[in-house]
Amino acid sequence: MTNFDEIERVLRPHKEALKTELESWQTPLAVEQNLLAAFEQQFPKRPWYRRWPVLNWEFGGGLCAGLLVLVLLLNQTSLWQLIPGRELVSNGSPTTGSQIKSQVNGGDGAYDMYEDIPFMALYSGEEILQQDEMRIVQAQIPNAVLASMGVTVNPEVANQSAKAEVLVGANDEFLAVRFLPN
Amino acid sequence: MDDLISDTELLRQMRQGDKAAFTALYRRHHAVLYRYAILRCGSPGIAADVVQDVFLGLLTEQFKYDALKGPLAYFLFGVARNLAMKNDSALQKTTNTTSTNSLLDDEDEDEVFDTICDDAAPLERLLHKQMAEDLRQGIACLAPHYRDVLILYEIHDMSYLEIADICQINVGTVRSRLSRARQALAERLSSHRDNIMSAAQRA
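Values in this document were obtained by computation on a predicted structure and should not be read as measured data.

Asks: Mind laying out the overall build of chain A, listing which residues take part and the relevant values?
Replies: Within chain A, the regular secondary structure consists of seven helices and five strands. Counting from the amino terminus, helix and strand elements in chain A follow one another as α-α-α-α-β-α-β-α-β-α-β-β. For chain A, buried positions account for 13% of its 182 residues. Nonlocal contacts in chain A, meaning residues at least 24 apart in sequence, comprise 51% of its contacts between residues at least 6 apart.

Asks: Give a description of the interface of chain B and chain A that names residues and reports values.
Replies: Contacts between the two partners involve 34 residues from chain B, matched on the other side by 26 residues from chain A. Within the residue set of the side of chain B that touches chain A, elements represented by two or more residues are helix 2 (19-41), helix 3 (44-59), helix 5 (130-140), helix 6 (144-155) and helix 8 (171-202) of chain B. No other element matches helix 2 of chain B, which puts eight residues into the side of chain B that touches chain A. In terms of residue class, the side of chain B that touches chain A is made up of 19 nonpolar, seven polar and eight charged.

Asks: Explain helix 3 of chain B to me, using residue names and the numbers behind them.
Replies: One turn of the α-helix equals 3.6 residues, which is why residues spaced by three or four share an orientation. Taking 1.5 Å of rise per residue, the 16 residues of helix 3 of chain B would be expected to cover 22 Å, and the 23 Å separating its terminal C-alpha atoms lies within 8% of that figure. Among all positions of helix 3 of chain B, only Ile46(B), Ala47(B), Ala48(B), Val50(B), Val51(B), Gln52(B), Asp53(B), Val54(B), Phe55(B), Leu58(B) and Leu59(B) are buried.

The rules behind the values
Residues numbered from 1 in each chain as written. Chains lettered and ligands numbered in written order. Predicted model: local features only at pLDDT ≥ 70, side-chain atom pairs only at ≥ 80, totals over all residues. Helix = DSSP H or I, 4+ residues; strand = E, 2+ residues; numbered from the N terminus. Buried ≥ 20, exposed ≤ 12 C-beta atoms within 10 Å, placed from the backbone. Contact = placed C-beta atoms within 7 Å. Nonpolar A, V, L, I, M, F, W, Y, C, P; charged D, E, K, R; others polar. Expected span 1.5 Å × (residues − 1).

Quick look at the structure:
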């Protein structure tokens, strides 16, 4: 039997019958149950807080970037508020405690420029802490006055003056001073 | 709804621990694999084991699927075929120990029928129509490498190229094996029918 049609004629009815029979053949349900049990072992259920690592990298990256920007913004705001002069200049209410009112000519821009230069207490730090209200006064102090206060002054510049800011207390007493570059 | 999602996407979700994706994949492919396996192995029990092992291997990544090499369905058929071949080898060893006279090399192209067919478990409980049973028995008696191409072509309506891809053989080999298998099967069925007819006439 070599003819294709003849072979097909013999096979076709058997083939159709078998295909019909095959429709009723189903994989035993136990197979699916076993596989699902194996799946549970492969991927055990985790509590909700441990499912975060499942989040994809894109989402995680976006979340981290967003948080970083938020933290930077918050930090910038809080740093801005920590600048004493800026807060006090914009705030017209009376100052208390360690708050200092700037009276520097030229506004707070100049004040900001020298904020890194520390004040030196003229008497004691405790006296400064006890003050309810203080202000900063910018002044030109003759070097001769500085010499009389015990500050070493080069004789060649004794006739010149030094630019300084003085921390003045509520009763106009001088509390601290810092020298600014000319 | 699951039908709209590609196999590759379901597989990706499954690997992320999505149980529903795994279930969808299984339900999409298990039936055809089981029908192939039951005809290929001749036993519902072994066929169920084959299907289970196929999906277990997919789950544990024992069998790694590469989407670039073709559809998942062909990959699963290929894995099922390999598992069936392993089963053949085990069965062959058992047969060899009991009967050294029935040696048959699977790679022997001259032997179309497999000698172990008489020992295969019958499926009478599953098959109600005589013609379907005759064909099933005929297929079961084919040597495994003929059985593969015949089942995939005649029952699963696959093309030569698809069969070549699954069985990892060239198209020419698919053609020749299919031609020989069909001829052998037709001759067997014809002689079987003649025997029945003559028996009926004698009665």
